[in-house]
Amino acid sequence: VDVVPVPDPALVVLVGASGSGKSTWASSRYRTAEIVSSDALRGVVGSGEHDLDASADAFALLEQVVAARLGRRLTVVVDTVGTDPARRRRWLAAAHEAGLPAVAVVLDTPAGVCRSRNAARDRPVPARVLDRQLATVAATVGLLDDEGWDSVLVATPDVPTHPGNTPSTG
Ligand code: ATP
Ligand code: MG
């Protein structure tokens, strides 16, 4: 249960490394049509969600979807790693031009949890890539407060732990 409700309609920009739970967070709260995902769009215009060669086309579509939904004052949840400051600035400006609040949601999942979830996946992100994402997300958290978001929410997912399964930090 979220303590702080997210306004609706709104722009919701997710920030989190691979395996932090962004897509899970979004799909448990929003309808499919309200969520725009760079991974999903890679699957639409490329050979699959992990087809990095399709990134440019996927992000071009993502920008169109964000602009079109905000222009109609419809909620849009942007499911990307969220660490590109220029993209964040553009989305936030578009939301405010449309008169919608803009909310950043940080999936502040411990690094060790992201790593173990990633390792358990069919198509893990390379460890070096995940480490870079974790570092960039950590640096991004410090930037958000000065970017003009109406609110910055930090979602700390309840991470199931038991003795012997303590997530390693890093
Ligand atoms: P990516 O950037 O690679 O798309 P993501 O941030 O969207 O990653 P998810 O796909 O939502 O991450 O979650 C990764 C894995 O962690 C999934 O197997 C999911 O079931 C699990 N997971 C996500 N959130 C939680 C949670 N709150 N509690 C337990 N498991 C979770
Ligand atoms: Mg995802």
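Structural data are supplied above this passage.
Described below are features of the structure shown in this document. Everything numeric in this text was worked out from a predicted model, so none of it was measured. (Residues numbered from 1 in each chain as written. Chains lettered and ligands numbered in written order. Predicted model: local features only at pLDDT ≥ 70, side-chain atom pairs only at ≥ 80, totals over all residues. Heavy atoms only, no water.)

## A few points about the overall build of the chain
The test is simple: Secondary structure elements are taken from DSSP: a helix is a run of H or I of four residues or more, a strand is a run of E of two residues or more, and numbering for both begins at the N terminus. Only protein chains enter the calculation, and the probe is 1.4 Å; a residue is then buried if its accessible area is under 20% of its type maximum, exposed if over 50%, and partly exposed in between.
Within the chain, the regular secondary structure consists of six helices and five strands. Counting from the amino terminus, helix and strand elements in the chain follow one another as β-α-β-α-α-β-α-β-α-α-β. Oriented by its inertia axes, the alpha-carbon framework of the chain measures out at about 50 × 40 × 25 Å. Of all 170 residues assigned to the chain, the portion counted as buried reaches 40%.

## Structural notes on the site of ligand 1
This is how the line gets drawn: Nearness of a residue to a molecule or strand requires only that one of the residue's heavy atoms be within 4 Å of it. In protein, a polar contact means a hydrogen-donor-capable atom and an acceptor-capable atom, both N or O and within 3.5 Å, with residues adjacent in sequence counting only if both atoms are side-chain atoms; elsewhere, any N or O pair within 3.5 Å suffices. All accessible-area figures derive from a Shrake-Rupley calculation using a 1.4 Å probe, and residue coverage is judged against the displayed protein chains alone. Gly counts as polar in this scheme, as do all residues outside two lists: the nonpolar Ala, Val, Leu, Ile, Met, Phe, Trp, Tyr, Cys and Pro, and the charged Asp, Glu, Lys and Arg.
Inspection of the region around ligand 1 gives 13 residues, with S18, K22, S23, T24 and R121 positioned closest. Taking G21, its main chain carries an N or O atom lying 3.0 Å from an oxygen atom of ligand 1. Within the complex, the protein chains bury 68% of what would otherwise be the 630 Å² of accessible surface of ligand 1. Across the shell around ligand 1, the residue classes break down as two nonpolar, six polar and five charged.

## Digging into the environment of H50
Relative to the helices and strands, H50 resides in the loop between helix 2 (38-45) and helix 3 (55-71). In this structure the C-alpha to C-alpha distance between H50 and A139, which are 89 residues apart in sequence, comes to 25 Å.

## Describing the pattern of salt bridges
Note the following rule: When a carboxyl oxygen of Asp or Glu is within 4 Å of a side-chain nitrogen of Lys or Arg, the pair counts as a salt bridge.
Tallied over the full model, the rule gives six salt bridges. Here R90 makes a salt bridge to E63, at a shortest N to O gap of 2.8 Å. Separated by 27 residues along the polypeptide, R90 in helix 4 (residues 85-97) and E63 in helix 3 bring together distant segments of the chain. Judged by relative accessible area, which is 44%, R90 ranks as partly exposed. With relative accessibility at 18%, the residue E63 sits in the buried group.

## Thoughts on the pairing of strand 4 (residues 102-107)
Where a strand is regular, its side chains alternate between the two sheet faces. Spelled out, the test is: One bridge is not enough; two strands pair if DSSP finds at least two bridges between them.
With six of six residues buried, strand 4 is to be regarded as a mostly interior element. Side chains A102, A104 and V106 of strand 4 all project onto a buried face; the interleaved residues V103, V105 and L107 project onto the opposite face, where all are buried too. When strand 1 (residues 11-15) meets strand 4, the two strands line up parallel, connected through five bridges. Across the sheet, residue L14 finds its bridge partner in strand 4, namely V105.

## Some words on the packing of helix 3 against helix 4
Spelled out, the test is: For every element, the axis is a line fit to its C-alpha atoms; helices are fit only across the contacting stretch, and the angle between N-to-C directions ranges from 0 to 180 degrees. These descriptions rest on fixed angle ranges, namely under 35 degrees for roughly parallel, over 145 for roughly antiparallel, 65 to 115 for roughly perpendicular, and the rest for oblique. Crossing handedness is defined as follows: a turn of the near helix away from the far one that is anticlockwise and smaller than a right angle gives a left-handed crossing, while the clockwise case is right-handed. The contact definition used throughout considers only heavy atoms, calling two residues in contact when any of these lie within 4.5 Å.
The N-to-C vectors of helix 3 and helix 4 enclose an angle of 20°; their axes lie 9 Å apart at closest approach. As far as their axial angle goes, helix 4 and helix 3 are roughly parallel. The handedness of the crossing between helix 3 and helix 4 is right-handed. Of the residues in helix 4, those in contact with F59, L62, E63, V66 and L70 of helix 3 are R87, R90, W91, A94 and A95.

## Brief notes about the environment of A155
If you trace the backbone, A155 turns up in strand 5 (residues 151-155). Separated by 121 residues in the primary sequence, A155 and E34 have C-alpha atoms spaced 19 Å apart. For A155, the contacting residues outside a window of four places in its chain are W25, V105, V106, L107 and D108.

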